[in-house]
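A look at the structure
So you can see what is in the structure, the chains are spelled out below.
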Amino acid sequence: MKLHEYQAKQLLARAGIPIPEGRIATTPEEAEAAARALDGTVVVKAQVHAGGRGKAGGIKVAKTPNEAREHASAILHKQIKGLRVRKVYVERAASIAKELYLGITLDRDRRRPVVMLSTVGGMDIEEVAASTPEKIARGWPDPVLGVLPYQARALCFDAGVPAEQRNAVADMAQRLYGVYAKTDATLIEINPLFIQNDGSVLAGDAKLDIDDNALFRQTELRDWKEVSPNEEVEERARALGFAYVQLDGDVGIIGNGAGLVMGTLDAVKNVGGHAANFLDVGGGAKEAVVKAALEIVLANKKVKSVLINIFGGITRGDEVAKGILSVIAQHPPAVPLVIRLSGTEAEAGRKLLVGAPLESRTTMDEAAKEAVRLAAGGKAHFNT
Amino acid sequence: MSVLVGRDTRVVVQGLGREGTFHAGRMREYGTKVVAGTKPGAGGTKVDGIPLFDTVAQAVDETGANASIIFVPAPGAMDAMLEAIDNELSVVVCITEGTPVQDMTKVASLLERSATTLIGPNCPGLITPGECKIGIMPAENFSPGPIGFVSRSGTLTYEIADALSRAGLGQTTCLGIGGDPVIGLPTPEAVRLFNEDPATEVIVIVGEIGGSAEEHAAEYMRAHGKKPAVAFIAGRSAPPGKRMGHAGAIVSGNQGTAESKVKAFEDAGVPVANAPSEIPGLVKAALRRG
């Protein structure tokens, strides 16, 4: 789950990290009022879950409240990377002397968090990491202990933070780790971290992604979730317990098990097709589950055929077949279905499907081939 | 022969709820020595003939359990793993799905200071066909033989084990290690176990997009491989930035792409199957060469 900048900054402020004073606005008028209250030059910033907002015209400086209103008017309802902007954050402009980068994320190889600090801030840290990795200082705190003072100091020395700001930045790194740990973050970044002309430090931007698996205990933050209309289908699927990702092809995919579904997507690609989605129904594919999954896949109007790939383990193939038949009887789908059942009681399941208005295949490769053929406008034969 | 578990493994089931009880029964049917269960407050009672204990420490003292399988729901999974590690069980399998990743970094930190091998979380577990199953996999898809099999997936593991078994390619042990970003036994460690197991003749490595475990496994095989290996990577058609079901299956930036993993294996002389159906053929070819 991603938080907006203004939400992430609230959490930083609670942890004692200095942030610029700011206000949220949903209309140009509110943005103007916010700028007036802040009294001085402000920055109007689009609140969307996308990087590169500045380059996309989502961040603009306003010298007067009038200008803030105009900028907000231009930014609100703009699309940035396919996401509609519904809020802007109006913030007092900083007096910037230098920009740093400070971030914490998971280092999968080391199975530890990694704290990264660089005196090259304000740009894509992945680019810096790729082209000049020596410009990023890294530390791997033990998650049981957190960032210790000596580790925070070492980061500042390694990154070449000016002596005047060393203590303030080291303190910020420790506080930021506190937020990372407390919020179950998978990523937390201050980029840029401003050193101002008066020598003070300030979080210029903030990014915070929270581990979906930890939302059961992040009771406050889970209510902060803001879903863009473009993400609604994926949200609905998640509420049903499915993992769903929309892709841009025309073969709808339903399967049980993330690896198997990925394998099915690959099988479709192997025969020249394009998957319309990833949908993992998880364990126990019963009738109601199959029905809900089909509805989600068919809600995508690009879908021209649906491939259902179930490998029965604890789930029995005959039960899955009954579920599919019942769904077809009640809600005949508008596009052809290809079913591949394997594993426990698969033969019994396949027998039940004989005569049904769908194609049944015994292997994943054959099923993928048939689904791609049908999506390309091929005629259905039904169990020939 | 096998890795990690065999006939003498004595299992305590942590979290004997509905799911735990069901799978404990299936494991016993398979021949696994399920000697105890834990359920705080239920010590002294029995479920389906399995004696229950309040703590893992008591279960170990009374029954000599040396392995555990965890069904405790995600909020308590870290606690269950740490309890097992603290009691020095040699093998711990965590089936639980949805463990927060920061819990897992803490578990990994303590795991490194222990002698426990942790499989999972969010995994099907492990099986030494014909001897011992500590997991939830449908046993009929597995058969004994010379193939060491490690996989990050669940259902795909069953699919491939089934294909191997049908082709007459039985397995020494199958390790379903789970698809989370932080797991107890990562792919390279699992590959090392099979490489050093005298009974394993060919290693089958099933990976997924995300992370760099496959690249490290390939590097290990290039430097230390004593026997042939065959690989498959799920998610070659996945776009960057989209999480493919498993929390760990995501391509971020140029990290974790299928191309990088396929290339690493090919550079290490490990053939990569384009589809699961190609795996048995590649394994047979490797057995002929080996």
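Predicted model, so just to flag it, every value in this text is computed and none were measured. (Residues numbered from 1 in each chain as written. Chains lettered and ligands numbered in written order. Predicted model: local features only at pLDDT ≥ 70, side-chain atom pairs only at ≥ 80, totals over all residues.)

1. Quick notes on helix α5 (residues 155-166) of chain B
An α-helical turn contains 3.6 residues, so a residue and the one three or four places further along point in the same direction. Residue and element names in this part refer to chain B. To keep things clear, this is the line we draw: Each helix is a run of H or I in the DSSP string that is no shorter than four residues. Each strand is a run of E no shorter than two, and both are numbered from the N terminus. Multiplying one less than the number of residues by 1.5 Å gives the expected span of a helix. Buried residues are those with 20 or more other C-beta atoms within 10 Å of their own C-beta, exposed residues have 12 or fewer, and partly exposed residues lie in between; C-beta atoms are placed from the backbone.
Here α5 spans 17 Å end to end across 12 residues, near enough to the 16 Å set by a 1.5 Å rise per residue. Buried residues dominate α5, accounting for 11 of its 12 residues. Regarding α5, the residues found buried are Thr 155, Leu 156, Thr 157, Tyr 158, Glu 159, Ile 160, Ala 161, Asp 162, Ala 163, Leu 164 and Ser 165. Downstream of α5 by one or two residues, Gly 168 has phi in the positive range, about 80 degrees.

2. So, the sheet that holds strand β4 (residues 59-62) of chain A
Residue and element names in this part refer to chain A. Heads up, the rule is: Whether two strands pair comes down to DSSP finding at least two bridges between them. To obtain an axis, a line is fitted to C-alpha atoms, over the contacting stretch when the element is a helix, and the angle between two such axes runs from 0 to 180 degrees between their N-to-C directions. Distance between backbone-placed C-beta atoms decides contact: two residues are in contact if it is within 7 Å.
Strand order in this open sheet of four strands is β2-β7-β3-β4, and the pairing throughout is antiparallel. Each of the sheet's edge strands pairs with one partner strand only, and the pair in question is β2 (22-25) and β4. Strand-to-strand twist of the sheet, defined as the mean angle between neighbouring strand axes without regard to direction, takes the value 20 degrees. The strands touched by helix α2 (residues 28-38) within the sheet are β2, β3 (42-46), β4 and β7 (88-92), with β7 carrying the most contacts at an inclination of about 15 degrees. Relative to β3, helix α3 (residues 65-75) is tilted by about 10 degrees, and along the sheet it contacts β2, β3, β4 and β7.

3. Brief notes about the pairing of strand β13 (residues 206-210) of chain A
All names here are of chain A. Burial along β13 is one-sided: the face carrying Ala 206, Leu 208 and Ile 210 is buried and the face carrying Lys 207 and Asp 209 is not. Pairing of strand β1 (residues 2-3) with β13, which is carried by two bridges, proceeds in the antiparallel orientation. Looking across to β13, one finds that Leu 3 is bridged to Leu 208.

4. Here's the deal with the domain arrangement of chain B
All names here are of chain B. The cut-off we apply is this: Domain delimitation in this document rests on an assignment produced automatically or drawn from a domain database. Any residue outside Ala, Val, Leu, Ile, Met, Phe, Trp, Tyr, Cys, Pro, Asp, Glu, Lys and Arg is labelled polar, Gly included; the first ten of those are nonpolar and the last four are charged.
As far as domains go, chain B holds domain 1 (1-123) and domain 2 (137-290). In this structure, domain 1 and domain 2 have C-alpha centres spaced 25 Å apart. Contacts between domain 1 and domain 2 engage 18 residues on the former and 20 residues on the latter. Breaking the side of domain 1 that touches domain 2 down by element, the ones donating at least two residues are α4 (101-111) and β7 (117-119). Partitioning the side of domain 1 that touches domain 2 into residue classes produces 12 nonpolar, six polar and no charged.

5. Comments concerning the nonpolar core
Quick note on the threshold: As used throughout, a nonpolar core is a set of buried Ala, Val, Leu, Ile, Met, Phe, Trp, Tyr and Cys residues joined through C-beta atoms within 7 Å of each other.
By size, the foremost hydrophobic cluster in this structure holds 154 residues, and its most contacted members are Leu 279 of chain A together with Ile 70, Met 81 and Val 92 of chain B. Those residues in contact with Leu 279 of chain A, other than ones at most four positions away along the chain, are Ala 237, Phe 242, Tyr 244, Ile 253, Ile 254, Val 261, Ala 293, Ile 296 and Val 297 of chain A. Judged by nonpolar contacts, the second largest core, of 44 residues, contains Tyr 101, Ile 125, Met 172 and Tyr 180 of chain A.

6. Some remarks on the domain arrangement of chain A
Once the domains are mapped, chain A shows domain 1 (1-20 + 95-226), domain 2 (21-93) and domain 3 (232-375). Each of domain 2 of chain A and domain 3 of chain A was reduced to a C-alpha centroid, and the two centroids are 44 Å apart.

7. Topic: the sheet that holds strand β13 (residues 229-234) of chain B
All names here are of chain B. The sheet built from seven strands is open, its strands ordered β9-β8-β11-β10-β12-β13-β14 with mixed pairing. The open sheet has two edge strands, β9 (132-135) and β14 (272-273), and neither has a second partner. Strand direction decides the pairing type here: strand β8 (residues 125-128) and β9, joined by four bridges, are antiparallel. Within β9, the position partnered with Thr 128 by the bridge is Cys 132.

8. Let's talk about the interface of chain A and chain B
At the junction of the two partners, chain A supplies 46 residues and chain B supplies 44 residues. Going through the elements one at a time, β9 (112-118), β14 (243-246), α9 (258-270), β16 (277-280), β18 (337-343) and α13 (364-375) of chain A are the ones with two or more residues in the side of chain A that touches chain B. The greatest single-element share of the side of chain A that touches chain B, amounting to 11 residues, is contributed by α9 of chain A. When grouped by side-chain class, the residues that make up the side of chain A that touches chain B number 21 nonpolar, 12 polar and 13 charged.

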